[in-house]
Amino acid sequence: MTDKILVLGSSGQIGTDLVDSLREAYGNDNVIASDLKAPSAERLAQGPFEQLDALDDKKVFEVIKKHGINQVYHLVAMLSATAERMPLRGWDLNMRSLFNFLELAREGHISKMYWPSSIAAFGPNTPVEATPQYTVMDPGTVYGISKLAGELWCDYYHKKYGCDLRGLRYPGLISWKTEPGGGTTDYAVDIFHKAAKGEDYHCFLSENRRLPMMYMPDAIKATIGIMEAPAEQVKIRTSYNVGAFSFTPHELSALIEKEVPGFQTFYDAVDSRDAIAAGWPQSIDDQRAKLDWGWQPDFSLEAMVKDMLANLKA
């Protein structure tokens, strides 16, 4: 029997790519995309879609029953920079939407759920180099606090009620399919859009602000990989560290300039997001993910740069 999968937040940076990959694997009709806003006509023609507010527990339950959903990818969240401007709304969205689905899992209405965490769950007292799986976590943003709290609640529901909940701590994610969405690491998406248009880039992070990053195809590979791993191999039920490469805005700009001669980045637009990024890791130790369920990224930094520009120019 083929699983029926619901993807919440399907129009976002991760959801756009994830829905495409899941439909390739499971078939169009078995993957139901959902988002608060209606999709484009082109997107709607590609497979089933439900316009859904993840905070509306009654409508959520109706959609679960209507489609016979047994797997959920919960990608709904207010990201770091946006949540800092409206902290109570950010906390409410990030946590209440999670509890709606934790309760559905506890009651047996869904059999497996993916909920992502982030490097934002770490903090200024976390070791910045090769940040370990288990370490000090003292996030200083609403987004990071909600991610750490969510990790612990997922672990609690697994231990207390036996719910099959799985997660990853994403680094910054880079994709050519979607526009930047309000995250602190989104400079690494916007910079490519500017370069592909022949424009210079004015960066909101300082030039030497090193952060761990990952290309979207690897993020999707990791996401589906942990969900398809046998349950006995998923030994961490908070969230697994996953990594690929780390770089600074200056280093990324130099690699882009090799592909787009004359491109320049200026650091005259540094804002509050730089202070947020200062409290995050610079590189990630993801050995547990590699040992437990075989995680391994495919893209190097240089390969990502070439692929991003090729797709944006096309």
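Above: the structure in question.
Residues numbered from 1 in each chain as written. Predicted model: local features only at pLDDT ≥ 70, side-chain atom pairs only at ≥ 80, totals over all residues. Heavy atoms only, no water.

Q: With reference to specific residues and values, describe the packing of helix α5 (residues 87–106) against helix α6 (residues 142–161).
A: For the pair α5 and α6, interaxial distance at closest approach is 10 Å and the crossing angle is 15°. In terms of orientation, α5 and α6 fall into the roughly parallel class. Here α5 runs over α6; the crossing is right-handed. Side by side, α5 and α6 meet where Pro-87, Gly-90, Trp-91, Asn-94, Met-95, Leu-98, Phe-99, Leu-102, Glu-103 and Arg-106 of the first sit next to Val-142, Tyr-143, Ile-145, Ser-146, Ala-149, Gly-150, Trp-153, Cys-154, Tyr-157 and Tyr-161 of the second. A per-class count over the contact of α5 with α6 returns 14 nonpolar, four polar and two charged. (Axes fitted to C-alpha atoms, helices over the stretch in contact; angles between N-to-C directions. Helix = DSSP H or I, 4+ residues; strand = E, 2+ residues; numbered from the N terminus. Parallel < 35°, antiparallel > 145°, perpendicular 65-115°, else oblique. Left-handed = near helix turned anticlockwise from the far one by under 90°. Contact = heavy atoms within 4.5 Å. Nonpolar A, V, L, I, M, F, W, Y, C, P; charged D, E, K, R; others polar.)

Q: Outline the packing of aromatic side chains, listing residues and values.
A: Each pair of aromatic rings is reported with the distance of its centres and the angle of its planes. By the definition in use, this model includes twelve aromatic pairs. With 4.9 Å between their ring centres and 70° between their planes, Phe-99 and Trp-153 make a pair best called edge-to-face. One end of the pair, Phe-99, is in helix α5; the other, Trp-153, is in helix α6, and 54 residues separate them in sequence. Using a relative accessible area of 25% as the deciding quantity, one classes Phe-99 as partly exposed. Looking at Trp-153, the relative accessible area reads 35%, which means it is partly exposed. Considering the side-chain rings of Tyr-187 and Phe-204, the 6.4 Å spacing of their centres and the 90° angle between planes classify their relative orientation as edge-to-face. (Phe/Tyr/Trp six-rings, centres within 6.5 Å; stacked < 30°, edge-to-face > 60°. Buried < 20%, exposed > 50% of the residue type's maximum accessible area, 1.4 Å probe, protein only.)

Q: Requested: an account of the environment of Lys-4, with residues and values cited.
A: Tracing the backbone through its elements, the reader meets Lys-4 in the segment before β1 (5–8). According to the relative accessible area criterion, Lys-4 is partly exposed, its value standing at 25%. Spatially, the C-alpha atom of Lys-4 lies 4.9 Å from that of Asn-30, the residues being 26 residues apart in sequence. Contacts of Lys-4, omitting those with residues within four sequence positions, involve Asp-29, Asn-30, His-67, Gly-68, Ile-69, Asn-70 and Gln-71. Looking at Lys-4, its side chain comes within polar contact range of the main-chain oxygen of Asp-29, at 3.3 Å. Only 3.5 Å separates the side chain of Lys-4 from the side chain of Asn-30, close enough to count as a polar contact. (Polar contact = N/O pair within 3.5 Å; in protein donor to acceptor, adjacent residues only side chain to side chain.)

Q: Quick one: what's the story with the sheet that holds strand β8 (residues 168–170), residue by residue and with numbers?
A: With parallel pairing, three strands are arranged side by side in an open sheet as β6-β8-β12. Each edge of the open sheet carries a strand with a single partner, namely β6 (117–118) and β12 (240–241). Bridge analysis of β6 against β8 gives two bridges, and the strand direction is parallel. Residue pairing across strands places Ser-117 opposite Arg-169, the latter belonging to β8. Relative to β8, helix α8 (residues 216–228) is tilted by about 170°, and along the sheet it contacts β8 and β12. (Pairing = 2+ DSSP bridges.)

Q: I'd like a rundown of the nonpolar core, residues and numbers included.
A: Judged by nonpolar contacts, the single largest core of 33 residues is most densely connected at Tyr-187, Phe-192, Phe-247, Leu-252, Ile-256 and Met-304. Put simply, the parts of the chain that give this core at least two residues each are α7 (187–196), β11 (211–215), β13 (245–247), α9 (249–259), α10 (272–278) and α12 (301–313). If we skip the residues at most four places from it in the chain, Phe-192 touches Ile-174, Leu-252, Ile-256, Met-304, Val-305, Met-308, Leu-309 and Leu-312. If you look at the next biggest cluster of nonpolar residues, it comprises 32 residues, including Ile-14, Ala-219, Ala-229 and Trp-295. (Core = buried A, V, L, I, M, F, W, Y, C linked by side-chain atoms within 4.5 Å.)

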